[in-house]
Amino acid sequence: MEILDSFNSDFIFSQGLTLPRKILNKTGFTLCCGFFRVDSNERTKRILKKAILMVFGLQDDQVVFNFLLLSQIERKHVFRQSIPFHDMEFRKSTVHLFKEPFALTCKRYNSTITVIPHHQISRHPEIIGEYVVHPCIAGTVEDRLQKLFNYM
């Protein structure tokens with residue numbers, strides 16, 4: 001996708017909605033593991049090794065990456081950047097839907113993260129924008145492809 005070529009970050013994630021709630025409550029957003037890209041370098045290799053061990057310890061990959069990359073990020077770090085957003089109620093939570101991509105630094109691992117707004121890469125067809133069929137959508141591969149074609 002062209003949008004990915006315009007960022008120079010260790011990690012590029014689409015914006016998540018509610019999982020994990022602890023990170024959402026702390027930062028106002030989450031990272032989605034339904035769509036992300038990782039650069040190959042020493043910083044990301046170190047994080048991926050840790051993430052793999054945690055995932056094999058029966059933790060959800062999205063929970064793991066949010067914990068590793070965002071647990072030290074505070075809401076004030078995001079809002080210092082004056083990134084425009086609007087709030088949306090989703091599954092009994094208020095989510096800040098950002099209107100443009102933004103970058104953060106994970107100081108723990110000295111890694112950069114770019115977050116792509118939910119409306120640009122969405123897993124939910126009711127939110128306008130590019131639609132990506134999330135790997136966790138129920139059904140067969142054919143069902144998932146049909147859902148994708150319905151929104152093209």
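Placed above this text is the structure.
Computed from a predicted model, the values in this text were never measured in an experiment.

Undergrad: Can you break down the nonpolar core residue by residue, with the values?
TA: Residues Phe-13, Phe-29, Leu-31, Leu-69, Leu-70 and Ile-113 are the most contacted members of the largest nonpolar core, which totals 23 residues. Elements represented by at least two residues in this core include exactly strand S1 (11-16), strand S2 (30-38), helix H3 (42-56), helix H4 (61-70), strand S5 (102-106) and strand S6 (111-116). Sort the elements by how many residues they give to this core and H4 lands first, with five residues. What Leu-31 contacts, discounting residues up to four positions off in sequence, is Phe-13, Ser-14, Gly-16, Leu-19, Gln-62, Phe-65, Asn-66, Leu-69, Leu-70, Ile-113 and Val-115.

Undergrad: Account for H4, naming residues and giving values.
TA: The buried fraction of H4 amounts to seven of the ten residues, a majority that puts the element mostly inside the structure. All of the buried residues in H4 are Gln-62, Val-64, Phe-65, Asn-66, Leu-68, Leu-69 and Leu-70. Those residues of H4 that are buried are in contact with S1, helix H2 (21-27), S2, H3, S5 and S6. Of the residues flanking the start of H4, the one acting as N-cap is Asp-60, its side-chain oxygen 2.8 Å from the backbone nitrogen of Gln-62.

Undergrad: Residue-level account of the packing of H3 against H4, with values.
TA: Packing of H3 against H4 leaves a shortest axis separation of 9 Å and a crossing angle of 140°. As judged from the angle between their axes, H3 and H4 are oblique. The chirality of how H3 crosses H4 is right-handed. Residues Ile-47, Leu-48, Lys-50, Ala-51, Met-54 and Val-55 of H3 form the contact with H4, whose own contacting residues are Asp-61, Val-64, Phe-65, Phe-67, Leu-68 and Leu-69.

Undergrad: Explain the packing of aromatic side chains to me, using residue names and the numbers behind them.
TA: Scanning all chains against the criterion turns up eight aromatic pairs. When the ring of Phe-13 is compared with that of Phe-36, the centres are 4.9 Å apart and the planes differ by 15°; the resulting orientation is stacked. Here Phe-36 lies in strand S2 and Phe-13 lies in strand S1, a separation of 23 residues in the sequence. We classify Phe-13 as buried; its relative accessible area is 0%. Phe-36 sits in the partly exposed class, given a relative accessible area of 31%. The interplanar angle of 55° and the centroid separation of 4.6 Å between the aromatic rings of Phe-98 and Phe-102 together place this pair among those described as tilted. For the residue pair Phe-98 and Phe-102, the accessibility class agrees, reading buried in each case. Among the aromatic side chains, those forming a connected cluster through ring pairs are Phe-11, Phe-13, Phe-36 and Phe-65. Over the ring of Phe-67 we find Arg-108; its NZ or CZ atom is 5.6 Å from the centre of that ring.

About the criteria used
Residues numbered from 1 in each chain as written. Predicted model: local features only at pLDDT ≥ 70, side-chain atom pairs only at ≥ 80, totals over all residues. Heavy atoms only, no water. Core = buried A, V, L, I, M, F, W, Y, C linked by side-chain atoms within 4.5 Å. Buried < 20%, exposed > 50% of the residue type's maximum accessible area, 1.4 Å probe, protein only. Helix = DSSP H or I, 4+ residues; strand = E, 2+ residues; numbered from the N terminus. Contact = heavy atoms within 4.5 Å. Polar contact = N/O pair within 3.5 Å; in protein donor to acceptor, adjacent residues only side chain to side chain. Axes fitted to C-alpha atoms, helices over the stretch in contact; angles between N-to-C directions. Parallel < 35°, antiparallel > 145°, perpendicular 65-115°, else oblique. Left-handed = near helix turned anticlockwise from the far one by under 90°. Phe/Tyr/Trp six-rings, centres within 6.5 Å; stacked < 30°, edge-to-face > 60°. Lys NZ or Arg CZ within 6 Å of the ring centre and 35° of its normal.

The quantities given are spatial measurements derived from coordinates; they are silent on function.
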